[in-house]
Every structure is written in C-alpha cells, then in structure tokens.
Amino acid sequence: MTDDRRPERAAEGQMPGELRPDGGVAPGTRLGAARHAPRVGVFVCHCGINIGGVVRVPELVERVRAIPGIAVATDYQYCCSDPGQQIIRDAIKEHSLDRVVVACCSPTLHETTFRRASADAGLNQYLCEIANIREQCAWVTPDRDEATDKAESIVRMAIARAVNDAPLEPVGVDVNKRALVIGAGIAGIQSALDIANAGYEVVLVEKEPSIGGHMAQLSETFPTLDCSQCILTPRTVEAGRHPNIRLYSYSEVAEVSGYVGNFKVRIRQKPRYVDFDACTGCGLCMEKCPGRSESSFERGLTKQKAIYRLLPQAVPNRPVINADVCIYLQKGKCGVCAKICPTQAIRYDDKEKFVEEEVGAIVMATGYELIDHVKMGNYGIGRVPDVIDGLAFERLLSASGPTQGEVKRPSDGKTPKKVVFVQCAGSRDQEHGMPYCSKICCMYTAKQAILYKHRVHDGEAYVCYIDVRTPGKGFEEFYKRATDEGITYIRGKVSKIFRRGDKTVVWTADTLAGRKVELEADLVVLASAVIANPEGVKLARQLKLQVDQHGFQTEAHPKLRPVETLTGGFFLAGCGQGPKDIPETVAQASAAAAKVLAMFGQKRLFHAPTTASVDEDVCVGCGNCEKTCAYGAVQVDPKRRVAVVNVALCEGCGACAVACPSGAMSHNNFSKKGTYEMVDRA
Amino acid sequence: MTTAVAAKPGEQAEDNPVVETYTYYPGCTLYTKAKSLDRCARLAAEKVGFRLEEMPSWVCCGAIYNTSEDDFAGRIGAQRNIVRASALGDRLVTLCAACHNVLKRAQARLNDPANAVERQRVLDFLDEPYEREVRVLHYLEVLKNDIGWEALARKVVKPLAGLKVASYYGCLMVRPAAVLGFDDPENPQVMDELVRTLGGEPTGFDFKAECCGGYLVVNRPEAARVASARVLDNAKSWGAEAVVTTCPLCQYNLDKLRKPGKAGELPVFYFTQLLGLAVGLPKDELGFDSNAVDPVPLLEKRGLL
C-alpha cells in the first residue's frame, strides 16, 4: 500500500527527489519506478520574444540550476525546432537523465513533440513534463520581475510533478472497423459513402422513412442554381445500394455503450406497417388511401396520405403508415391499402423492433431544424396564412413540391405579385430568438428572390436585411446578381408582420434613408433561424457529448480539431455542429470520414495511460466514483465489491479520485502526493 | 376602508369548504371609470370559488412605473402598497393592467438583492413593517394557475357559444416579460384561453400587444384614435365581433374614442364582464350601460341575454 498522505513540508530550497527517494510511484500503478534520486533536466524555451521578451530566461536558468539535484538546465530560442529537440535528446544521453521538464508553451501544443523526443533518446515518454510559462505566465504577466518569479514557480512545480511520475505504457485496444453514421442527410450520406468506398462497413441510421434530409426539400442551390434533387439523388441512390452500407431508415439510435473502437449500439426500428421485402414500391396504396395528415416534409403546405413516402425519388422506395391518422389502425375499419396491395405487403400488426450493431467509430450527422414559430409571435408565422418559412418556399419552388414549382400562396392559391423576404427571422436576435448568425440565409434568400423573379416575371421582390453577409466563393457576385435582377434590398429589422384583408403587411425601417417603411405584400417568406435538430440535441446529451448553450455539438478544438469531439470515437459532420451550407457540410462530412478512416488504418488504438486507477486493497466499493464518472468508465464489480476502471473509456478527468472517500482512487501521474509537493514547491 | 366581502364561518357554500382569500388592490380607476371591471371581478370570484379581500388604506400605484435609476420617490407609492399588503398575506391580486405592471415591477425591484441599499432606504422611509415577500398576481393568473381552466369550465353556467372574441392585451399586461413572467410578450394567450374556457371562440389577431394610443388621448386624441382604430380594424379582419381587455385605458381608447352608434363597431368588454356573464351573474350586475358601444344587441343575437 502506498503512503499517499500529505508529506511533510519540504525544507526551503531542497530538491524534491531527495526528500523521498522512494516517492516516484503513483499510487495504483504497478510499473515500478526509479529507486534512486531522479536526475532531472530542465529546458527553457524563449519562443522568440513570446517568452523571452518578458521572462528573463538566462536568470531563470541560473535559478533552476541552483535547485539541488538538477542534472542539467539550459535554454534555447525554439525548443520545438529540430536542433532544439536534439539538445534534449543529447542531454538525456549525456547526463543519463530520467526526468525531463520543458518550460515552454501549453502542453496542448508541444507536449507530444517533447515526449516523442524524449522517447527517441530512450526515456519513457510519460517522464517528460511541460511547464507552461507562455500562456500561463509570459502572456499574462507584463512585469518582467514578476514574470520571472512566476516562471520559476511553474518550473519548480513541474519538477515536483516529474519526480513523482511513473513510467507508463499507452493502453492498447482493438478496433472494430465498422462505423455508425447517425443521420442520413447530405452530411451523413457523404460520410457513409466515403467510409464505405474505402472498404469498411457502415451502419447508416435515419429517423425519416427515406434519406436525403433537408437537402431533398430544396429546389435549387446557391450560388450556381443547380437543382438540388439532381445533385443529391445520385448520392442517395448510391448510399441505398452500396454493398458496404447497411441502411436503417425510419429508425433511431436508442442506446450506445462501450468505448472508442468497441461500441455497442441499440437501434430502434419504428413500425412501418409495410413489409420491407414484400413491398415493391409501386405506390398503389398511396393513391387510394383516404387518411390525411399534415406533411412536415412539405412544411404544412399540403396534406399527405396516411400511407406515404416523402418524395418520388425516395430511398428506400418503401412507404410507411402514419399510425396516428390511419383509419384502420385507429378505428379498425378501412384497410384499403391491404386490399389493393398486389404483393400483400401491408402489416397492420407491425411492432417496433430493436437491433444491436457493433461499431468502432460514430459520426454524428444529426442536422438542423428551423426555429419554432411560437418564438416569433410578432412575425405572425403559424397565424397569418401567407407568412411561410424558407423551407416552405423551397417546396413552392420545387418541381416535386405541392404546386409543381409554380409559386402559389397558401391562403388562396393565387400567384403572389409582391413577395417580401425577411432575413434574420430569429437569428442575431437575443430578444426573440438566437444570438448567432445562421450563416446560410443571406445566400438562400438571394437565391429564392432570384428564382421567384424567374418564375413570376412581373413580380416584385423585396429583401429586408440587417446586413448582407457573403463570405464564400461566388457569394458576393451572387448577391450582386440579385440586386442587378431588380430585387429591392431594404436595410432594417422587421418589427411586425400582420394581416390586412388578403394582404400581409410588413412593418420595417429603411435605416439608410432614416424612415419607417410599410410594405403590403402578397406573400412573406421568413429566413428563420437555423437551430440544432432538437432530437439530435437530445441524443447528444444522452450520449454525453458536449453541446454548447444552443445545443450544437462541440468540436474538440474550434480551429485545429473541427470534426472530432472530446469523447473518443465520436466525430461531427454537418449542421448538428453549427449552421453551414452544403459545400461546407460535405467538406466536414468527408473530413469526419477521413478521421474515421485514419482510426481504422491503425492495428490497435492507443489511449493515454494517465487514467484513473484503483487501489483495490483500500476500495470499499461505495460506488461514489461510478456515480461521478461522466464517461461510464468506472463500475463497481458486484462480486468483489471493488471499483474497476475501464481504462479504454477513462478520459483521465480525475473526478472519481476527488469523489473517493477512502483515497483508493487516484490518477496515474497525478497523485495526491505529487500534487501536494507541487503546491509546496510553488 | 371596508373589506368588500367578509367571510363568516358557516356561510361558506357546501361544495367549497375552504374558500381561498386573496388580498386585493383595486386601484383608483376601478372606483371611477372602470367600475364594471371591479364589480364583475368580485362577484365572479365568489361564483368561481375564491374571495377578494380589499386591502385597507391603499394608495395610488403611480400609474406609470418609474424606470429612472436614482429616483426612488417615483416608486414609493407602489412599494408602500406592497409593504402594507405584506401584513395581510403573501399574495396581492390586481386587475388593472397598469396597476399590475407597476406593482409587479416595483415589487421585483424591492425584492432584488442587487438593490439592497435602496430597499433599506425605502423601508426606512416608509417606516412600516415589511412582513414577507409579496407576490403580485393578476386576476387572470389566479384563474389560470390557482383555479385552473378545467375547474373554471365546470363553473360556467352560460357558455359564450358562438361569440367570436379578439383578446387585446395592450402594452402593459405582458411586458417586460422578464419581470411580468406572465405570457408570451409578442403573442400572449391567457385571455384567449379564458375565452375558450368560457365557451367562446377566441379569434386571435395580430395586434394583441400593440399600443392603443395610451395617454396620447389626453393631449393628442387624434393620434390615439389612429392607434386604437388600427387595433380594432385588425381584430375585425380576423372575424372578431367583440374585443376583450384587462386595461381601463385600453378599454377607454378602443371603446369611447369612436363615434357612438356607428354601425359595425365592436363592443369592448372587460374580461370580467364576460367571465361574470358566463358564470351566471345577472345582467344588471355586468355594467353594460358603461360601454360606449352597446354590447347588448350582440349578446342577445347570440342568445346570451
């Protein structure tokens, strides 16, 4: 049993290693450690003037050298450069170092670099520690004397930590080389195809009866005006018949367990009431069905049958029955579809089913929705019939939509001669909606206004905007085209939209002219804010993935790790991570696939061994750690009544070590003893 | 001051063994121009199963909430009422939208820990015991949250069947939403729910929370007339045949700024008048004679009188 109580306070200036020559073992590790006083080398980086311009590096090196037991202390302009790393390698050999401390930038940047350099020279990489004297010292401490003192404290702490470090070996786990992609919009389809084309199996789960997501609802795409269906359907068809893709449509992910490389997934298949194999997709049932419901795919512009498919090019081309409006399932009468079906594929007794799949990596492609109408009471949407959102207008423009591409307004089916487009309906609006910019609306509004003018030549189109944002290839030119084609842009935030007779009135301002404006329109189209798909938010929370305050899934690093998450094995694609347009979505989806493939290219996965570990002799099996663990990595063995850490799942956060009342749980190379010594040396 | 309806044990109706009593702040307008708002509310409460007990020696609420940071005198009247009400209970019910707005905001400021210094100054000045935190409630909040729409529906003896009503909330009922915490500030619902509960048809409309013209009626009546006409025109376009409101000033502007007797004008009710009608108050208690646009023909046409 390791003595893990707080050590006596060290005498001033004494070398930590001398105090407790046997203190190198982190509790719980069984790897053995140096039995002699560790020989520490300290390397201080100038980082040009980043550190050197504030911290007096030569003085710092002198002070560090004076600490007893330091075998070598030196400085260099850029330690991360090749010659800088060579200095460390040479010193390890020349001075027989068994601990290395590099005083430089944050460990998130170069810890790996220096650990690898140490390993090259034969030192266990976990015996190399970083003292962050840039972000945590030089950049935030303007006074040179204070900065030098602070840097010394930080280096002393890193030395104290290093001498308590134990040599560790990375944890290896096998990889199940199958991927799960959640959501089959364009993001999920792209990820799935990329992974499948590389020769790996993909499980693709989609909650709707067919794949394609919101892109299947769009008419044309900006800024090229090519037909959305025409560029999407080759992908949906390919995904539908790809030998490496197992598609679960009308299904949802119910549960995920396991860890990176080895997930178990429980998938809930909603009852379709149609035998998937017997059905040929002929569509006779849909012609005769008398049941009706609101169509969310058509954004409420038309009713759909109780037995329905979303679109003519549906993949898979199999209808489902909406049990809420099916007359037979509700009242036991009707049964027309069963009578008419030439292959007897209708199954009124269908039940939901669960299937299990095993995968190694998961791509979250859960997508977006538009903001709830209720949040925008002053814009009248949901109340005033001729106020619709952008997706509904896409359906009006679409050749496969309820009007076959003719622009007709919902209230009376007349062709609107004056259409007002309202941008930032819920975006950039802290009072009513979301504080962020939804990114796609400026462009799709310009596109919709252009398309409207192409369909209705004598029509007038107005766009009310607060700013027009065009950061994308060909975007500014596209906006210019919209204004050149006679679309009137009015700069001002719309305050109210209401009905007057058969007109819809928009109150706004022209802030460039400095006056109030009232527009009497035949149809108003809101560029409603893009929000994270609420079901995706629920799922992400259930899977304990990090989401931001608006529900968007959070990437591991906003710049350098944009498709990874902080949970191993989960990757992000598409609007579930934040609003983005189609090209950006596809790029991110391919990036996520590339990350999955990079994982699958390895024989085994290696996980940092700086995890929690249990001293089983001390553990009483109270289960506090199990309750605390956010990753499900700790469980109490029911037979032996001791906690067991699944090192493959453990992210090394240390919460369990804090929660443990008996001191049995600790964190490899972050022991209590080492921590107390760090505090003492600071 | 008198207590409006004193409770005597043994007089309670048998189906209501415990009658909730709420401290009640009527406000000055309810004693003058808006008598029917007050009278119907008190009598309907008895029918519904709760009691309003008017607080003694109430003072003017100030009519408009003073938002200036340093002028605490402008809020002192409202806060005096709250401090006095604290001796009687932890709830204070109001009816007038303006009183409700001022009292609720004054109370929020009084209880805000960030304003502890000002609070002490106010309490020192008032020199009356502040017994407990008082929740300022609107009568509609009592109906919706304490009584509940289902229970209220059971008290309806004369459903307002076929009556198409636009609910007009004005600017004071639901804003600022963060303090009033009452309903959606842009498309409020509570009165629409009330109308539905009473058996009527809420039409919904676009100008529920737009300005009626307010106090402009005093110095620029023409501007107020334009504003209130806009509200009424929009209500009409939604098929409404009557408007219901909580605010005496809104009622005045919508009802009395028009030429009396003009055909097609919508009667403007206080919500308590419709409530009273539905729970069975007799016609002469409902105060229809104070309405400029006579609602009686409409109600007779719908078979409600």
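Basis of the calculations
Residues numbered from 1 in each chain as written. Chains lettered and ligands numbered in written order. Predicted model: local features only at pLDDT ≥ 70, side-chain atom pairs only at ≥ 80, totals over all residues. Helix = DSSP H or I, 4+ residues; strand = E, 2+ residues; numbered from the N terminus. Contact = placed C-beta atoms within 7 Å. Pairing = 2+ DSSP bridges. Axes fitted to C-alpha atoms, helices over the stretch in contact; angles between N-to-C directions. Parallel < 35°, antiparallel > 145°, perpendicular 65-115°, else oblique. Nonpolar A, V, L, I, M, F, W, Y, C, P; charged D, E, K, R; others polar. Domains from an automatic or database assignment. Core = buried A, V, L, I, M, F, W, Y, C linked by C-beta atoms within 7 Å. Buried ≥ 20, exposed ≤ 12 C-beta atoms within 10 Å, placed from the backbone. pLDDT = per-residue confidence, 0-100.

Caption draft 1: Up close: the overall build of chain A. The helix and strand inventory of chain A stands at 20 helices and 34 strands. Seen along its three principal axes, the alpha-carbon backbone of chain A occupies a region of about 90 × 65 × 40 Å. For chain A, long-range pairs separated by at least 24 residues make up 70% of all intrachain contacts whose partners lie at least 6 apart in sequence.

Caption draft 2: View of the environment of cysteine 40 of chain B. Residue and element names in this part refer to chain B. Here cysteine 40 lies in helix 1 (residues 35-48). The spatial distance from the C-alpha of cysteine 40 to the C-alpha of leucine 275 is 7.8 Å, given a sequence separation of 235 residues. Contacts of cysteine 40, omitting those with residues within four sequence positions, involve Tyr270, Thr272, Gln273, Leu275, Gly276, Leu281, Leu286 and Gly287.

Caption draft 3: Spotlight on the environment of alanine 529 of chain A. Residue and element names in this part refer to chain A. Considering the arrangement of structural elements, one finds alanine 529 in the loop between strand 27 (523-528) and strand 28 (530-532). Expressed as a C-alpha distance, the spacing of alanine 529 and glutamine 423, which sit 106 residues apart in the sequence, is 9.0 Å. Those residues in contact with alanine 529, other than ones at most four positions away along the chain, are Leu370, Ile371, Ala425, Gly426, Ser427, Gly433, Met434 and Ser438.

Caption draft 4: Highlighting unusual backbone geometry. In the segment running from phenylalanine 222 of chain A into proline 223 of chain A, the intervening peptide bond is cis, with an omega of -10 degrees. When you line up the elements, proline 223 of chain A lands in the loop between strand 8 (220-221) and strand 9 (226-227). With an omega dihedral of -5 degrees, the bond running from valine 315 of chain A to proline 316 of chain A counts as a cis peptide bond. Mapping proline 316 of chain A onto the fold places it in the loop between strand 15 (307-308) and strand 16 (320-321). Phi is positive for cysteine 424 of chain A, which is not a glycine, with a value near 55 degrees. By secondary structure assignment, the location of cysteine 424 of chain A is in strand 21 (residues 418-425). Phi is positive for aspartate 127 of chain B, which is not a glycine, with a value near 55 degrees. Of note, aspartate 127 of chain B is situated in the loop between helix 4 (116-126) and strand 4 (135-138).

Caption draft 5: A look at the pairing of strand 32 (residues 634-637) of chain A. Residues and elements named next belong to chain A. Judged from the four bridges that link them, strand 32 and strand 33 (residues 642-645) form a sheet pairing that is antiparallel. Within the sheet, the bridge partner assigned to valine 634 lies in strand 33 and is valine 645. Connecting the antiparallel pair strand 32 and strand 33 is a turn made up of four residues, with arginine 641 showing a positive phi of about 55 degrees.

Caption draft 6: Representation of the packing of helix 2 (residues 73-85) of chain B against helix 4 of chain B. Residues and elements named next belong to chain B. Contact geometry for helix 2 and helix 4: axes closest at 11 Å, N-to-C directions at 75 degrees. What the angle tells us is that helix 2 and helix 4 run roughly perpendicular. Counting all contacts with helix 2, which are made through Ile76, Gln79, Arg80 and Val83, the residues of helix 4 involved are Val122, Phe125 and Leu126. Split into classes, the residues belonging to the contact of helix 2 with helix 4 amount to five nonpolar, one polar and one charged.

Caption draft 7: Region of the structure containing the sheet that holds strand 1 (residues 20-25) of chain B. All names here are of chain B. With parallel pairing, the four strands of this open sheet are ordered in space as 2-1-3-4. Lying at the two open borders of the sheet, with one neighbouring strand each, are strand 2 (50-54) and strand 4. In this sheet, adjacent strand axes meet at a mean angle of 40 degrees when their direction is disregarded. Of the pairings in the sheet, the one linking strand 1 to strand 3 (residues 91-94) comprises three bridges and is parallel in character. The partner of tyrosine 24 across the bridge, within strand 3, is valine 93. Packing against the sheet, helix 3 (residues 97-111) makes contact with strand 1, strand 3 and strand 4, and its axis sits at approximately 160 degrees to strand 4. Against the sheet, helix 5 (residues 139-147) engages strand 1, strand 2, strand 3 and strand 4, with an angle of about 95 degrees to strand 4.

Caption draft 8: Main features of the domain arrangement of chain A. All names here are of chain A. Each assigned domain of chain A is listed here: domain 1 (34-165), domain 2 (178-367 + 569-600) and domain 3 (371-531). Here the C-alpha centroids of domain 2 and domain 3 sit 30 Å apart. Taken together, the contacts link 18 residues of domain 2 with 24 residues of domain 3. Across the side of domain 2 that touches domain 3, the residue classes break down as eight nonpolar, five polar and five charged.

Caption draft 9: Summary view of the domain arrangement of chain B. Residues and elements named next belong to chain B. Parsing chain B into structural domains produces domain 1 (20-139) and domain 2 (155-301). Opposite the 21 residues of domain 1 that make contact, domain 2 presents 25 residues. When residues of the side of domain 1 that touches domain 2 are traced back to their parent elements, those giving at least two are helix 1 and helix 3. Here the side of domain 1 that touches domain 2 takes ten residues from helix 1, the largest share from any one element. Here the side of domain 1 that touches domain 2 is built from residues that sort into eleven nonpolar, four polar and six charged.

Caption draft 10: The arrangement of the nonpolar core in detail. By size, the foremost hydrophobic cluster in this structure holds 203 residues, and its most contacted members are Val363 and Phe421 of chain A together with Val243 of chain B. Considering each element in turn, this core owes the most residues, nine residues, to helix 14 (residues 441-455) of chain A. Apart from the residues lying within four places of it in its own chain, the contact partners of valine 363 of chain A are Ala179, Val181, Ile182, Gly188, Ser191, Phe571, Ala573, Ala592 and Val596 of chain A. Within the second largest apolar cluster, 48 residues are counted, among which are Tyr76, Val101, Ala138 and Ala147 of chain A.

Caption draft 11: Highlighting the environment of glutamate 146 of chain A. Within the secondary structure, glutamate 146 of chain A sits in helix 7 (residues 144-164). Residues glutamate 146 of chain A and serine 662 of chain A, spaced 516 residues apart in sequence, show a C-alpha to C-alpha distance of 40 Å.

Caption draft 12: Structural view of the pairing of strand 25 (residues 503-510) of chain A. Residues and elements named next belong to chain A. Sheet topology places strand 24 (residues 496-500) next to strand 25; five bridges connect them, and they run antiparallel. Paired with arginine 499 across the strands is threonine 504, a residue of strand 25. If you look at the hairpin formed by strand 24 and strand 25, you'll find two residues sitting between the two strands, and glycine 501 has a positive phi there, around 60 degrees. With seven bridges joining them, strand 25 and strand 26 (residues 515-521) adopt antiparallel strand pairing. Looking at the pairing, alanine 509 lines up with lysine 516 of strand 26. Linking strand 25 to strand 26, which pair antiparallel, is a turn of four residues; within it glycine 514 sits at a positive phi near 70 degrees.

Caption draft 13: Structural context of the packing of helix 2 of chain B against helix 3 of chain B. Residues and elements named next belong to chain B. Between helix 2 and helix 3, whose axes approach to 9 Å, the crossing angle comes to 85 degrees. Judged by the angle between their axes, helix 2 and helix 3 are roughly perpendicular. From helix 2, Arg75, Ala78, Gln79, Asn81 and Ile82 reach across to helix 3, where they touch Val102, Leu103, Ala106, Gln107, Arg109 and Leu110. Residue composition of the contact of helix 2 with helix 3, grouped by class: six nonpolar, three polar and two charged.

Caption draft 14: Structural context of the confidence of the model for chain A. Overall, the prediction assigns chain A a mean pLDDT of 92, with 95% of residues at 70 or greater. Here residues 1-34 of chain A scores under 50 on pLDDT; set against residues more than four positions off or in separate chains, the count is 74 contacts.

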